[in-house]
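Structural overview for review
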Amino acid sequence: LEKLKIGDNEVIRFHQERPFYKLHSHKVDHIERHDYALIPIKGGFFEIWHSAPVDSYQETLPIFEAVVRSFKPKI
């Protein structure tokens, strides 16, 4: 859990890794990484979320980070 200044926003960032199961299966297919960015506003927060397999999440993480950086909440 970390609190950062990204773009114009104060952002709370964290990630977790969770097993992914195919529909109607009890066998783990792969492990997914879920990255979250919470942007506090008056009365709540906005959540921006990204998920991808652990072995390839770094390929799409820059896109998630660019979205977080460019996010401009209208309150």
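Residues numbered from 1 in each chain as written. Predicted model: local features only at pLDDT ≥ 70, side-chain atom pairs only at ≥ 80, totals over all residues. Heavy atoms only, no water.

Here we look at the side chain of His-34
Position of His-34 relative to the elements: it lies in strand β3 (residues 28–41). His-34 sits in the buried class, given a relative accessible area of 4%. Engagement of the side chain of His-34 in a polar contact is seen with the side chain of Arg-18, the distance being 3.2 Å. A polar side-chain atom of His-34 sits 3.1 Å from a polar atom in the side chain of Trp-49. If near-sequence neighbours (up to four positions away) are discounted, His-34 is found in contact with Phe-14, His-15, Gln-16, Arg-18, Trp-49, His-50 and Ser-51. (Helix = DSSP H or I, 4+ residues; strand = E, 2+ residues; numbered from the N terminus. Buried < 20%, exposed > 50% of the residue type's maximum accessible area, 1.4 Å probe, protein only. Polar contact = N/O pair within 3.5 Å; in protein donor to acceptor, adjacent residues only side chain to side chain. Contact = heavy atoms within 4.5 Å.)

Here we look at the pairing of strand β4 (residues 44–53)
Bridge count between β3 and β4: ten bridges; the pairing is antiparallel. By the bridge assignment for β4, Arg-33 is matched with Ala-52. In this antiparallel pair of consecutive strands, β3 and β4, the connection spans two residues, and Gly-43 shows a positive phi of 85°. (Pairing = 2+ DSSP bridges.)

Describing the packing of aromatic side chains
Counted by the stated rule, this structure contains two aromatic pairs. On the basis of an interplanar angle of 20° and a centroid distance of 4.8 Å, the ring pair of Phe-14 and Tyr-36 is categorised as stacked. Of this pair, Phe-14 sits in strand β2 (residues 9–21) while Tyr-36 sits in strand β3, and the two are 22 residues apart along the sequence. Classification of Phe-14 by relative accessible area gives partly exposed; the value is 28%. Since its relative accessible area comes to 9%, Tyr-36 is described here as buried. (Phe/Tyr/Trp six-rings, centres within 6.5 Å; stacked < 30°, edge-to-face > 60°.)

Quick word on a nonpolar patch on the surface
Residues Tyr-21, Val-28 and Ile-31 make up a contiguous nonpolar surface patch of roughly 250 Å² in combined accessible area. Among the secondary structure elements, Val-28 is positioned in strand β3. (Patch = residues over 30% accessible without salt bridge, like charges linked within 9 Å, V, L, I, M, F, W, Y side chains within 5 Å. Areas by Shrake-Rupley, 256 points an atom, 1.4 Å probe, with all protein chains shown as cover. Salt bridge = Lys/Arg side-chain N within 4 Å of Asp/Glu carboxyl O.)

A closer look at the pattern of salt bridges
Using the criterion set out here, one finds three salt bridges in the structure. Asp-35 is paired through a salt bridge with Arg-33; the nearest N and O atoms lie 2.9 Å apart. By relative accessible area, Arg-33 is classed as buried at 11%.

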